[in-house]
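# Report on the structure
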Amino acid sequence: MILYFSATGNSKYVAERLAAELADEATDIFTLIRNEDFSELNSERPWVVAAPTYAWQLPRIVRDWLRRAKLTGSKQFYFTLTCGNSIGSAGRHAKRLCEEMGMQYMGCAQIIMPENYVAMFPVPEEAEARRIVAKAEPDILSLAERIRREEPKPGHCGALGGVLYSAVNRFFFHFFVKDRKFTVSAACFSCGKCADVCPLKNIEMKSGRPVWNGNCTHCMACICGCPAAAIEYGRASVGKPRYRCPAVK
Ligand SMILES: Cc1cc2nc3c(=O)[nH]c(=O)nc-3n(C[C@H](O)[C@H](O)[C@H](O)COP(=O)(O)O)c2cc1C
Ligand code: SF4
Ligand code: SF4
């Protein structure tokens, strides 16, 4: 079974491509994370986790859900992380996570997809995004082949890199991952979608306007999903396109 979390569609796309290649099932864990639902899931085929990379690691919300989820059947665990350019030390951390979970770590694959971090970096327009998605296809196919053969996928992060990446991850979450800079413009028409797409239930609608409550993981689902493009993140997002993987509905 392929378990996926995806804020802007990239990891959903990869999960669904893998599911199609492997004739396996892709399960969205968004609602399970949001509702802190850890009830049993069973798969006799290898588990595959597809998720974005946040500061060179698996998203904390995915890691924390995996720690508590009851996953029965196969013990084999593959990870595939989508990213703008590098998954850093994600493999090293995923391996440690598998040890904690009593699972057999089978490797962590990097799939380069379009950047979605509109609060920090430039994000591509649709035509460029489509080009990047098309370029990812050989990596998706080779990963599917490995999983089909139940072959391990070696990680790629040495000891020094692991220490450095971990320190940056901690620094980044401590100092940068805040929601105080989110604002909403007069274009907001009170649809409530931003509140519905937040995996942490961090957004509340008050008098028809979203209010951020201080528990954010910077997934970018709210700002990128607003149908009116009414959300900004300080000045960092002004004038940028809002990213949504063009290859998923
Ligand atoms: C908070 C945050 C941190 C990110 N950190 C990284 C990173 O360390 N390396 C990288 O290459 N891409 C990074 N990205 C880009 C995303 O991992 C990438 O665009 C991913 O495919 C988005 O997946 P999704 O559409 O499934 O949410 C980051 C994005 C966000 C929002
Ligand atoms: S998604 Fe956009 S339009 Fe809808 S409530 Fe949120 S900010 Fe307003
Ligand atoms: S507030 Fe927005 S960016 Fe933060 S976790 Fe929720 S949806 Fe993601």
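Before going into details, it helps to say that this report is about the structure given with it. (Residues numbered from 1 in each chain as written. Chains lettered and ligands numbered in written order. Predicted model: local features only at pLDDT ≥ 70, side-chain atom pairs only at ≥ 80, totals over all residues.)

### Concerning the pairing of strand S4 (residues 47-52)
Under the convention used in this document: Comment: burial labels come from other C-beta atoms within 10 Å of the residue's own C-beta, placed from the backbone, where a count of 20 or more is buried, 12 or fewer is exposed, and between is partly exposed. Numbered from the N terminus, helices here are DSSP runs of H or I no shorter than four residues, and strands are runs of E no shorter than two. Two strands form a pair only when DSSP identifies at least two bridges running between them.
Among the six residues that make up S4, six are buried, leaving the element largely enclosed by the rest of the structure. Residues Trp 47, Val 49 and Ala 51 line one face of S4 and the alternating positions Val 48, Ala 50 and Pro 52 line the opposite face, and both faces are buried. In this structure, strand S1 (residues 2-4) lies alongside S4, joined through three bridges in parallel fashion. From the neighbouring strand, Ile 2 faces S4, where its bridge partner is Val 48. The pairing of S4 with strand S6 (residues 76-83) spans six bridges and is parallel. Following the sheet pairing, Pro 52 is matched in S6 by Thr 82.

### Looking at the site of ligand 1
The following threshold applies: Using a C-beta atom placed from the backbone for every residue, we mark a residue as near a molecule or strand if that atom lies within 6 Å of it. When residue character is reported, Ala, Val, Leu, Ile, Met, Phe, Trp, Tyr, Cys and Pro are called nonpolar, Asp, Glu, Lys and Arg charged, and the others, Gly included, polar. Domain delimitation follows an automatic or database domain assignment.
Around ligand 1, a shell composed of 25 residues is seen, among which Asn 10, Ser 11, Pro 52, Thr 82 and Cys 83 lie nearest. When the residues that make up the shell around ligand 1 are grouped by side-chain class, the tally is eleven nonpolar, 13 polar and one charged. Residues from two domains meet in the shell around ligand 1; each of domain 1 (2-172) and domain 2 (182-233) gives at least three.

### Brief notes about the site of ligand 2
Taken together, 13 residues surround ligand 2, and among them Cys 188, Cys 191, Lys 193, Cys 194 and Cys 226 come closest. Residue composition of the shell around ligand 2, by class: ten nonpolar, two polar and one charged.

### With respect to the packing of helix H3 (residues 60-68) against helix H4 (residues 90-101)
Using the following cut-off: The convention used is that axes are lines fitted to C-alpha atoms, helices contributing only their stretch in contact, and that angles between N-to-C directions extend from 0 to 180 degrees. Angles below 35 degrees are treated as roughly parallel, those above 145 as roughly antiparallel, those between 65 and 115 as roughly perpendicular, and all remaining angles as oblique. Left-handed describes a crossing whose near helix is turned anticlockwise from the far helix by less than a right angle; the clockwise case is right-handed. Note on contacts: residues are paired as contacts if their backbone-placed C-beta atoms lie within 7 Å.
Two elements in contact, H3 and H4, have axes separated by 9 Å at closest approach and are oriented at 20°. Between H3 and H4, the angle falls in the class roughly parallel. For H3 against H4, the interelement crossing comes out right-handed. Judged by residue contacts, Arg 63, Leu 66 and Arg 67 of H3 engage Leu 97, Glu 100 and Met 101 from H4. Each residue belonging to the contact of H3 with H4 can be placed in one class, and the counts come to three nonpolar, no polar and three charged.

In short, the description is geometric, and any link to function would need to be established separately.
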